[in-house]
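# Overview (structure and organization)
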Amino acid sequence: MARCKYCGRYAGFWKKFHPECQERHDRASAQIPLFFPKFFQSDLPIDRFTELLRGAAEGSFVRRKELTELAALGLSNVVKQILDQRLLTAAEIQRVRDVARSLKPRTLTRDIVPHETFAKVDVLQALGEGKVPDLVSVAGPMPIELGQGETVIWIFNYVSSFREPAEAEKPPAGGEVAPVPLTLQAGAYYGPSAFQSAILPATRVPQDADGDMVVTDRNVFYLTRTAQPRRIAIAQITALSAYSNGIHIVCDASIPDRVQTFGLEDAWFAANLLIRLVQIARR
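Residues numbered from 1 in each chain as written. Predicted model: local features only at pLDDT ≥ 70, side-chain atom pairs only at ≥ 80, totals over all residues. Heavy atoms only, no water.

## Quick word on the sheet that holds strand E3 (residues 208-216)
Pairing is antiparallel across the open sheet formed by eight strands, whose spatial order is E2-E6-E7-E8-E1-E3-E4-E5. In this open sheet, the two strands that pair with only one neighbour each are strand E2 (180-182) and strand E5 (230-233). The average undirected angle you get between the axes of adjacent strands in this sheet is 30°. Taken together, the four bridges between strand E1 (residues 152-163) and strand E8 (residues 259-263) define a ladder with antiparallel strand orientation. Note that in E8 the partner of arginine 163 across the bridge is glutamine 260. (Pairing = 2+ DSSP bridges. Helix = DSSP H or I, 4+ residues; strand = E, 2+ residues; numbered from the N terminus. Axes fitted to C-alpha atoms, helices over the stretch in contact; angles between N-to-C directions.)

Spelled out as structure tokens, the structure:
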């Protein structure tokens, strides 16, 4: 006897589910992630929210493992929506963590509490207040020499480097999209969607395709296995622009190779990090 994989009742000869059960399940799966942004805009207690969430899931044949995945997506959407407008507050970060814990931490996926994203928010908040964060610890020797009191703030891995001509402010070649120019004024902030339409052209050939970018409170270092480290002094940066997958840096005219582009995964964080560091350097 064939039973419905959702409700467990007889489904009919050679049938694995009732169409109405599948429809109810699929509708709930689409709606559950949408509950989270609405919850974060309300005063509903967390315990009551998770109780309603579990009830909706059980009533629509959404199993616990599925609910965990949908909750991860819902919380991720909350974080993304807020970051598109501004940085999360400490209270909002704690609320995300509390919701995650209330949904059975032993079954949570790795993404449901985006620890790295929260660490980046902490870094940007501190820099916005004029403080130099010290969240990154470096194990082993560094191939660069830091100045006295200089602090490593973040290390970006798998970074590509593109050398640019000195007159790189010229319009992009046909078919290419120019990077989004960034203001360096105090209080400037850009959400991840600000750069979505600007993608580093795939036709560009990197000078170095596998490097690390070490950002300190004073310098940007680009490290590869085959060349000497390159250094860009934060205080000498005069302009920044960003792709969805890269950063474009312009320094003052006294610097050799004054215009450089770096391809990296997290342009949102790199852009806002450099903006704040330039602001501190100017102060």
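## A look at the packing of helix H1 (residues 19-40) against helix H2 (residues 46-59)
In contact at an axis separation of 9 Å, H1 and H2 are set at 170° when each is read in the N-to-C sense. Put simply, H1 runs roughly antiparallel to H2. Between H1, through Arg24, Ile32, Phe35, Phe36 and Phe39, and H2, the contact on the second element is made entirely by Ile46, Phe49, Leu53, Ala57 and Gly59. (Parallel < 35°, antiparallel > 145°, perpendicular 65-115°, else oblique. Contact = heavy atoms within 4.5 Å.)

## With respect to the pairing of E8
Counting buried positions along E8 yields five of five residues, so the element is predominantly enclosed. In this structure, strand E7 (residues 246-251) lies alongside E8, joined through five bridges in antiparallel fashion. Considered in E8, the bridge of glycine 246 is made with glycine 263. (Buried < 20%, exposed > 50% of the residue type's maximum accessible area, 1.4 Å probe, protein only.)

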